[in-house]
Amino acid sequence: AQPRSNLAAQGFATVEEAGRRIIREQKASGGNATHDGDRLAYRALMFRDAIATYERMEAADGPVFFDRGLPDLIGYSRLIGVAVPGELARAVAHYRYNKTVLIAPPWREIYGQDDERGQDFAEAAATHDAIRDAYIEAGYEPLPLPLAPVDVRLALAAGLARQCGAQSGSTPCSMPKTTGPSR
């Protein structure tokens, strides 16, 4: 089972990783807005989705686990060697998540490629580093998930979320979790 679905089973609101869904949609429609295709179009689709999802989840009761957050797109921009659009920088400043951001560090022993992600381990590790740095620069405090079984990582995430209590509005207790290379 996926960690996000396990968090949902515990009663937490969760948001899927838009990038994987966009890749599936692009493949199904013959589109090219993917990491291996038109990367700027891919980033633009992820950006629009991130804003819409954040705004939709503002009314959620309690903590929300976002599989990815807006600062991920700053890291992605740097990874692919393009400038960060002003619109993205402004959105990162405006749409704020919990100060503590869970981040899954690269873990070679469980890393695997699939139909949606063809990155090799080195690129996945570089992605992690770029995204982690983007969160730090945006004023967040990344908390690396332990290299431990899924149930241990889930317990950590759920425990942190329960400490937040039920909040709504600007989702101050939302917790983006960059998945990086993990199963």
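Located above this text is the structure these notes cover.
Chains are numbered independently. Their residues run from 1 in the order of the written sequence. Where totals are concerned, whole chains, interfaces and linings use all residues; where local detail is concerned, this predicted model gives features only for residues with pLDDT of at least 70, and gives and counts side-chain atom pairs only at 80 or more. Values shown for side chains rest on all heavy atoms present in the structure; no hydrogens or waters enter the calculation.

Visitor: Before we go on, may I ask you to explain the side chain of Thr127 in this structure?
Guide: Relative to the assigned elements, Thr127 resides in helix 6 (residues 121-137). Look at Thr127 and you get buried, because its relative accessible area is 13%. In terms of polar contacts, Thr127 uses its side chain to reach the backbone carbonyl oxygen of Glu123, at 2.8 Å. Once residues lying within four places of it in the same chain are set aside, the contact partners of Thr127 are Leu79 and Gln119. Secondary structure is summarised from DSSP: a helix means a run of H or I of at least four residues, a strand means a run of E of at least two, and numbering begins at the N terminus for each. Think of it in three bands: residues with accessible area under 20% of the maximum for their type are buried, residues over 50% are exposed, and the middle band is partly exposed, with areas taken using a 1.4 Å probe on protein chains only. Polar contact is defined as a pair of N or O atoms within 3.5 Å, subject to the rule that within protein one atom must be able to donate a hydrogen and the other to accept it, and that residues adjacent in sequence are counted only when both atoms are side-chain atoms. Residues count as neighbours in contact if any of their non-hydrogen atoms are within 4.5 Å of one another.

Visitor: What am I meant to see in the packing of aromatic side chains here?
Guide: In this description, a pair of aromatic rings is defined by centroid distance and the angle of the planes. Whether two aromatic rings pair depends on their centres lying within 6.5 Å, for rings of Phe, Tyr and Trp, where Trp uses its six-membered ring; planes under 30 degrees apart make the pair stacked, over 60 edge-to-face, and the rest tilted. Inspection of the entire model under this criterion finds 9 aromatic pairs. An angle of 80° between the planes, with centres 5.4 Å apart, marks the rings of Tyr54 and Tyr97 as edge-to-face. One end of the pair, Tyr54, is in helix 3 (residues 39-57); the other, Tyr97, is in the loop between helix 5 (86-94) and strand 3 (100-103), and 43 residues separate them in sequence. A residue is classified by how much of its surface remains accessible, and Tyr54, at 2% relative accessible area, is buried. Measuring from ring centre to ring centre gives 5.5 Å for Tyr135 and Tyr140, while their planes differ by 70°; the resulting arrangement is edge-to-face. In terms of burial, Tyr135 and Tyr140 fall into one category: buried. Within the aromatic cluster, the residues linked to one another by ring pairs are Tyr54, Phe66, Tyr95, Tyr97, Tyr135 and Tyr140.

Visitor: Help me out: how do you make sense of the pattern of salt bridges in this one?
Guide: Salt bridge criterion: a side-chain nitrogen from Lys or Arg within 4 Å of a carboxyl oxygen from Asp or Glu. Counted according to the given criterion, the structure contains 10 salt bridges. A salt bridge links Arg21 to Glu16, with the nearest nitrogen and oxygen atoms 2.9 Å apart. Linking Glu137 and Arg78 is a salt bridge whose minimum nitrogen-to-oxygen distance equals 2.7 Å. One end of the pair, Glu137, is in helix 6; the other, Arg78, is in helix 4 (residues 70-79), with 59 residues separating them in the sequence. Judged by its relative accessible area of 55%, Glu137 is exposed. Judged by relative accessible area, Arg78 falls into the partly exposed class, the value being 42%. Taken together, the shared-partner salt bridges connect Glu16, Arg21, Arg24, Glu25 and Asp49 into one network.

Visitor: Help me understand helix 7 (residues 150-164) in this model?
Guide: Each α-helix winds once per 3.6 residues, and so residues spaced three or four apart point in a common direction. Multiplying one less than the number of residues by 1.5 Å gives the expected span of a helix. In this model, helix 7 (15 residues) spans 21 Å end to end at C-alpha, consistent with the 21 Å of a helix rising 1.5 Å per residue. Among the residues of helix 7, those classed as buried are Arg153, Leu154, Ala157, Ala158, Leu160, Ala161 and Cys164. Viewed end-on, helix 7 has its buried residues packed into an arc of 160°, placing them on one side of the element. Residues of helix 7 that are exposed and point over 90 degrees away from its buried face: Asp151, Ala155, Arg162 and Gln163. Arc, as used here, means the arc of the directions from the helix axis to the C-beta atoms.

Visitor: I'm lost on the pairing of strand 3 in this one. Help?
Guide: The two faces of the sheet receive side chains in turn, since in a regular strand these alternate between them. At least two bridges found by DSSP between two strands are what make those strands a pair. Where strand 3 and strand 4 (residues 141-144) come together, 4 bridges link them in parallel fashion. Pairing of Leu102 across the sheet is with Leu143, part of strand 4. Whether a crossover is right-handed depends on one test, that the path from the first strand over the helix to the second runs clockwise when the strands point away from the viewer. Crossover connection from strand 3 via helix 6 to parallel strand 4: handedness right-handed.

Visitor: Would you explain the environment of Leu145 in this entry?
Guide: By secondary structure assignment, the location of Leu145 is in the loop between strand 4 and helix 7. By relative accessible area, Leu145 is classed as buried at 8%.

Visitor: Please clarify how the packing of helix 2 (residues 18-29) against helix 3 should be interpreted in this entry.
Guide: A pair of packed helices is captured by two measures, namely the crossing angle of their axes and the spacing between those axes. Here helix 2 crosses helix 3 at 125°, and the two axes come no closer than 10 Å. In terms of their interaxial angle, helix 2 and helix 3 are classed as oblique. Judged by the twist between their axes, the crossing of helix 2 over helix 3 is right-handed. The segment helix 2 lies against helix 3, with Ala18, Gly19, Arg21, Ile22, Ile23 and Gln26 engaging Tyr42, Leu45, Met46 and Asp49. Gly counts as polar in this scheme, as do all residues outside two lists: the nonpolar Ala, Val, Leu, Ile, Met, Phe, Trp, Tyr, Cys and Pro, and the charged Asp, Glu, Lys and Arg. Across the contact of helix 2 with helix 3, the residue classes break down as 6 nonpolar, 2 polar and 2 charged. As a rule, the C-alpha atoms of each element are fitted with a line to give its axis, helices using only the stretch in contact, and angles between N-to-C directions run from 0 to 180 degrees. Here the word oblique covers every angle except those under 35 degrees (roughly parallel), over 145 (roughly antiparallel) and from 65 to 115 (roughly perpendicular). Each helix crossing is assigned a hand: it is left-handed if the near helix lies turned anticlockwise from the far helix by less than a right angle, otherwise right-handed if that turn is clockwise.

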